[in-house]
Every structure is written in C-alpha cells, then in structure tokens.
Amino acid sequence: MIEVKNLTKAYGDFVAVRDVSFKAESGSILGFLGPNGAGKTTTMRIITGYMPATAGTVLIDGLDIFTESLEARRKIGYLPENPPLYLDMRVEAYLRFVAKLRSVPRAKIQSALDHVLEVCGLKDMAHRICGQLSKGYRQRVGLAQALIHDPPVLVLDEPTIGLDPRQIHEIRGLIHELSGNRTVVLSTHILPEVSQICDKVVIIADGRVVLEEYLKQLPGGTSLEDIFLAAITKERHDVANAEEELEEVGAGRS
Amino acid sequence: MKNSLTIAGKELAGYFLQPVAYVVMTVFLLLGGFFFFALLRYFEVMLTAYSAMQNPTVLQRLNLNERVIEPMLHNLAVVLVILVPAITMRSFAEEKRTGTYELLLTAPIRTGEIVAGKFIAAAAFMLIMIALAGIFPLILVMFGNPEVGAMFSGYLGLAFLAVSFVSIGLFTSSLTQNQIIAAISCFGALLFLFVISWPAQAGGTQFLGLLRYMSLPEHFSQMVTGIIDTRDIVYFVSLIFVALFLTQRSVESARWR
C-alpha cells in the first residue's frame, strides 16, 4: 500500500508538484496519468526515496520514506523512466549485482535470477551485454531489475514506452499477472493502457491531482479519453481563472 | 559493509570491462620501466666513471636507493597526477549521466556505503598497479644490493599518495555529471596540492608553514627517503577522510536539490 499525503516539490521557484495526495491499495494497479511535464516522474522519484519532497509525506506499507527510508526502500521495486542499466555489464551479472544491492539472501539469488529471466522473457539474453540490447529488451531488463527482490510495492515509470505492439501486450500482461497481492503504481500517457490493466486512475495536471477514481466507478458511456481531456482542461481553466483573479486583485491594489 | 563490498566488486570488475584500466596500467608501467631503465643506465655510467677515477669516497656515496628508486618514485608520483583523474572521473559522473544513479540511491543502502564501495574499488585498483611496479625494486634486489626497507617505505608512500589522489578524484566526480569536468578539476586539485608549498620554499611565517604542511610532496618525499613518520601517515589518512567525507556530503546533498 502506498499513501501519498499532501506532496509538494519545488525546484527553486518552479513548483513541479503541488499538494498531491492519493492512495494505492495492495493487490491493485494504479494508473498515474498526466500530460508530459505534469509531475509524474517527480512524484515517482519522491515515492521511491530518490529525492525528498519539499512538503508532505509518503508511506510505503506504513513506513515513512523519509524517516524510515532504508526499511521503506527495501519494499520497493522501481523502474525509472530510463532503465538504469550499466551498459558494459552482462544482463546476468547486472541482475546479480542488483539482487545483492537489494539484499536478496545469497542462497536465493540464483532462483530469483532464473525467475525474473523467465517472467521477463530474457532467458536467451542472459549473457548479452546490456549496451547491445534493443530498447525493448533494455526495458525488460529494467523490469527484471525492479522485480528481482520480489517487492510488495512496484513503481513503474512508463514501463511500455519504446516497445513494439507485441512487447507492449506482453509487458501489460506481465504487469497484470504481477499485481497479485502487490501494490503497483505505473505512470503512462497511453490511455488504453490504463483502461486495460488498471483498477484505479489518478490524473495529474500541472502538478495537481485532478481526478482520483476507481475505473469501475467512472461514469459509463464516457471514454477515459473524454474524462482525461475534461479533467486537464478543467484544470487549465481553473488556473487561468485563478490567475485572472490574482491580476484583478493586483490591479485593484495599484 | 557488505553493501560496500558489493559495489566495490562491481566497480573493480567495471574498470576491466572498459579499456581504460588497461590503458592506465600500461602507461604507468611503461613509463615506470622507462624511468627505471634511464636512471639505472645513468647510475651505471657514473659507477664506471668514478671507479676509473678511483675515488672511494664518492663511490661510497653512490647507492641504488638514492640514485634509482627515489627519483623513479618521484616521477611516478607525477604520472599518477595525470592517471588518477582518468580512473576516478567516471565513478559518480557516469552514473548520473546514464541514470544508474537512480538505482543506487533508491536501493536500501546508505550513501556512505556507496562512497566507501567506490573508494575501495579505486584504491584497490591503484594498489594493484603499484604492486605491479614492484617488479623494479625486485630486479634491483636480484642483481644488486639496495636497502629493502627504504624501498618499501618509498612504495608505501606512493601507495598513500595514490589513495589520497583517488579520494580527491571521487569528490570531484561526485560534483558533476560531466566526466571531463570531473577529470580536469581533479587534475587541478592534485597539481595544486603538489605546488602549494612553493611560496614557502624560502621558509618564514606560520602561514607559509601551514602551506608546507598541506603540500603532498613534502610528506611523500619523507617516505621516499625511507622515513616512515606517523605525522606523514596522519596527514595522508586525514586527507583521505576529509575528501571522502566531502564526497558523502555531496552525494547526500544531491537528494536535497
């Protein structure tokens, strides 16, 4: 379970994420939607403990990612936007390294390795050098890396980007299988992906959450696309209105 | 500690997955061999000349330690100033550029463990390289009669010097994601520590004394002449600790930006 509470992140004057809150339950897949630059990656980086928030907290299975960081990080498998591969290592050596970093017990490393190679369809690639893999296979190695310690929480930043349609289909199937009793958060800007595999959707625009809803409870008849467009345009209007109001206030003062 | 060793193992193996390690070792050993040959040759010429002159006092003073090993170690120290940045520049800068930094910083390990792991790997690499250069004194022992203790002390000095260089290199690499900037700022810092005592050459005030204390060659040459003084060791060890501490702070601070 992931609880994000009132998260705000500012880079200097630029506020990337404003007061974002949502909840991802165990055994479900949460789709994190938003246009480019909406703050998806920033939010995920904060959830995984890569960087701290300016304000707000994140609880991973009840552990605070800031104050109980090591314990919380142990529970997370994370696939960043770019798969974090050491390009001159071989796939197998790389995954062993990650397994050790993620403190998989020595005796279990081999079986964990075999398992992720199997589920990510990398059996024939185990001895290849990461830098020589195609984008799609790099993405799979990235996913294998996130899964190797069998984490209860999975955070995937655009897991299907750069894959061909068949691979996209496979990876989606894989994520669906994986969810089981795990908490999965995946970010994307591909809408059908969300309607196909997610249980819940959170839409973020300009750093704010504009919608948090179970897919089942979305009004029937409207497509996710309509809802998405309505949600982000509504946001734009709100911001525009707020700015106008501010200007009026400013004008009144002068 | 276990995490540090995991990282150190990966880093050390990583050096040899790239040609850089081989190039650095080859350059170091080739130049070392050349210095050794040139100095030994000069030593031999002098020996023949003074023997012909039948000058026993001068002959007495000619020795392998002073004439061959000492100048060779000083030259190798200068070579290290150039080679160490080439080894350490990747350590953090590359991880930041390729995004693997995200893997390290979201893994359940402390930043101190990451820094320690990278330090152990780079230091081990330097020690292997310096140990290989141990072939030169070995040749002298086989064919001549040098002072083994003094040579050992000199090599120990070179090892301390190299490890201090490494810790400074890690620090500059942690500041940037550009390897060239990491290498050049490391090179500048090392060179500066080499020449920092120049204003103090004539002796003088306390400030100049401080500059002299901070100078690397000051402590290194003591050890090269065969004097292992705790003051010099304390200097090297504190330099290493300060540099690694700053590296740890710099890595940690990346989280807070």
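Note that the structure is predicted; figures quoted are calculated from it, not measured. The numbering scheme is per chain: residues are counted from 1 as the chain's sequence reads. Here chains are named by letter from A upward and ligands by number from 1 upward, in the order in which they appear as written. Given that this is a predicted model, residues contribute local features only at a pLDDT of at least 70 and side-chain atom pairs are listed and counted only at 80 or more, while totals for whole chains, interfaces and linings are drawn from all residues.

S.K.: I tried to follow the overall build of chain B on my own but got confused; where do I start?
M.R.: The helix and strand inventory of chain B stands at 13 helices and zero strands. A run of H or I in DSSP becomes a helix once it reaches four residues, and a run of E becomes a strand once it reaches two; helices and strands are each numbered from the N terminus. Shown N-terminal to C-terminal, the secondary structure of chain B runs as helices and strands in the order α-α-α-α-α-α-α-α-α-α-α-α-α. Its C-alpha atoms give chain B principal-axis dimensions of about 75 × 45 × 30 Å. A buried classification covers 39% of the 257 residues belonging to chain B. The contact rule is simple: place each C-beta atom from the backbone, and if two of them lie within 7 Å, those residues are in contact. Pairs at least 24 residues apart make up 79% of the contacts formed inside chain B by residues separated by at least 6 positions. Residue burial here comes from a neighbour count, namely the number of other C-beta atoms, placed from the backbone, that lie within 10 Å of the residue's own C-beta, with 20 or more meaning buried, 12 or fewer meaning exposed, and in between meaning partly exposed.

S.K.: Explanation requested: the domain arrangement of chain A in the structure shown.
M.R.: One frequent convention defines the size of an interface as the accessible area lost when the parts assemble. Residues and elements named next belong to chain A. Start and end positions for the domains come from either an automated domain assignment or a database one. Domain assignment breaks chain A into domain 1 (2-75 + 152-253) and domain 2 (83-150). Here domain 1 and domain 2 have C-alpha centroids that lie 27 Å from each other. Between domain 1 and domain 2, the contact holds nine residues from the first and seven residues from the second. Mapped by element, the contributors of at least two residues to the side of domain 1 that touches domain 2 are β7 (153-157) and α6 (165-179).

S.K.: Explain the packing of helix α5 (residues 90-98) of chain B against helix α9 (residues 148-174) of chain B here, please?
M.R.: Residue and element names in this part refer to chain B. Following both chains from N to C, one finds α5 and α9 inclined at 20°, their axes separated by 7 Å at the closest point. One finds that α5 runs roughly parallel with respect to α9. Considering only the axes of α5 and α9, their crossing is right-handed. From α5, Ser91, Phe92 and Ala93 reach across to α9, where they touch Leu170, Ser173 and Ser174. The residue classification treats Ala, Val, Leu, Ile, Met, Phe, Trp, Tyr, Cys and Pro as nonpolar and Asp, Glu, Lys and Arg as charged. All others, Gly included, are polar. Broken down by class, the residue content of the contact of α5 with α9 amounts to three nonpolar, three polar and no charged. The angle between two axes is taken between their N-to-C directions and runs from 0 to 180 degrees, where each axis is a line fitted to C-alpha atoms and a helix contributes only its stretch in contact. Oblique is the label for any angle not covered by the other classes, which are roughly parallel (under 35 degrees), roughly antiparallel (over 145) and roughly perpendicular (65 to 115). Less than a right angle of anticlockwise turn of the near helix away from the far helix marks a crossing as left-handed, whereas a clockwise turn marks it as right-handed.

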